[in-house]
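Read off the chains here:
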Amino acid sequence: MTKRLRKLYADGREFVWTSQIHHVTGTDCHKCTRLRVWGAGKNSRVLQADLVSKAVLPWGCATDGSHPTPKDVRTVIDYALTHGWDPDLPRGTFLLTESEHASAFELPGFLLTDRLRDEGAPDPTPRVFRAFDENPGR
């Protein structure tokens, strides 16, 4: 299956983004979306964020319908641009990591996680449950 590239225009610039659905495990299993964004062509520095869903469901692995919207992607782009991402640089990856950015960044339906890249990263389950308890209507 090919990846669908989507376009988003912000501040007079075209960004191209894609997302892939994964699952991460901890005490529970959670839906995770890997978001990748380019701001200056396919050879430019890519922005990557692994977003774990805040959904808490009564059955095994959380297979909720959450997926980042263009508004969510714009929020990720804006945050990354103000925290060091330079999309004009050639090659490489700018990671929005849980360890560096989770305390300052959150989307309404998602949390940053490092668990998809690093199995030794913290279990996202306690943070997901805490976020759910703070706003159970989401």
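Residues numbered from 1 in each chain as written. Predicted model: local features only at pLDDT ≥ 70, side-chain atom pairs only at ≥ 80, totals over all residues. Heavy atoms only, no water.

## Section: the overall build of the chain
(1) Moving on: Scanning the chain from terminus to terminus reveals 3 helices and 6 strands.
(2) Moving on: Along the chain direction, N to C, the helices and strands of the chain fall in the order β-β-β-β-α-β-α-β-α.
(3) Moving on: Its C-alpha atoms give the chain a radius of gyration of 15 Å, within 12% of the compact-globule value 14 Å for 138 residues.
(4) Moving on: Each principal axis of the C-alpha distribution contributes one length, and for the chain these read about 40 × 30 × 25 Å.
(5) Moving on: A burial count over the chain gives 44% of its 138 residues as buried.
(6) Moving on: Restricting the contact set of the chain to residue pairs at least 6 apart, pairs at least 24 apart contribute 57%.
(7) Moving on: Taking the average place of the 19 positive charges on the side chains of the chain and the average place of its 18 negative ones, the gap between the two points comes to 7 Å. (Helix = DSSP H or I, 4+ residues; strand = E, 2+ residues; numbered from the N terminus. Rg over C-alpha atoms; globule rule 2.2 N^0.38 Å. Buried < 20%, exposed > 50% of the residue type's maximum accessible area, 1.4 Å probe, protein only. Contact = heavy atoms within 4.5 Å. Lys, Arg positive; Asp, Glu negative; His and termini not counted. Charge placed at Lys NZ, Arg CZ, Asp CG, Glu CD.)

## Some remarks on helix H3 (residues 125-134)
(1) Moving on: Among all positions of H3, only Thr125, Arg127, Val128 and Ala131 are buried. Mapping the buried residues of H3 onto a view down its axis gives an arc of 165°, with all of them on the same face. Turned more than 90 degrees away from the buried face of H3 sit Asp133 and Glu134, all of them exposed.
(2) Moving on: In this structure, the buried residues of H3 make contact with strand S3 (29-38), strand S4 (46-53), helix H2 (98-101) and strand S6 (110-112). (Arc of directions from axis to C-beta.)

## Thoughts on the nonpolar core
(1) Moving on: Judged by nonpolar contacts, the single largest core of 21 residues is most densely connected at Val37, Leu47, Val76, Ile77, Trp85 and Leu96.
(2) Moving on: Among the elements of the structure, strand S1 (6-10), strand S2 (13-25), S3, S4, helix H1 (70-82), strand S5 (93-96) and S6 are those that each provide at least two residues to this core.
(3) Moving on: Sort the elements by how many residues they give to this core and H1 lands first, with 5 residues.
(4) Moving on: Setting aside chain neighbours within four positions, we find Leu47 in contact with Leu35, Arg36, Val37, Val76, Ile77, Ala80, Trp85, Phe94 and Leu96.
(5) Moving on: Counting 6 residues, the second-largest nonpolar core is a separate cluster that includes Val24, Val52, Leu111 and Val128. (Core = buried A, V, L, I, M, F, W, Y, C linked by side-chain atoms within 4.5 Å.)

## Some details on the confidence of the model for the chain
Predicted coordinates in regions of low pLDDT should not be interpreted in detail.
(1) Moving on: Overall, the predicted model of the chain reaches an average pLDDT of 88, with 92% of residues at or above 70.
(2) Moving on: Element-level mean pLDDT values for the chain span from 83 in H3 up to 97 in S5. (pLDDT = per-residue confidence, 0-100.)

## Here's the deal with the packing of aromatic side chains
(1) Moving on: In total, this model carries 2 aromatic pairs according to the counting rule given.
(2) Moving on: Ring centres 6.0 Å apart and planes at 40° place the aromatic pair Phe15 and Trp85 in the tilted group. Of the two residues, Phe15 sits in strand S2 while Trp85 sits in the loop between H1 and S5, which places them 70 residues apart along the sequence.
(3) Moving on: For the pair Tyr79 and Phe105, a centre-to-centre distance of 4.7 Å together with 45° between the ring planes defines the contact as tilted. Of this pair, Tyr79 sits in helix H1 while Phe105 is found in the loop between H2 and S6, placing the two residues 26 residues apart along the sequence. For the pair Tyr79 and Phe105, one class covers both residues: buried.
(4) Moving on: The ring of Trp17 is capped by Arg6, whose NZ or CZ atom sits 4.9 Å from the centre of that ring. (Phe/Tyr/Trp six-rings, centres within 6.5 Å; stacked < 30°, edge-to-face > 60°. Lys NZ or Arg CZ within 6 Å of the ring centre and 35° of its normal.)

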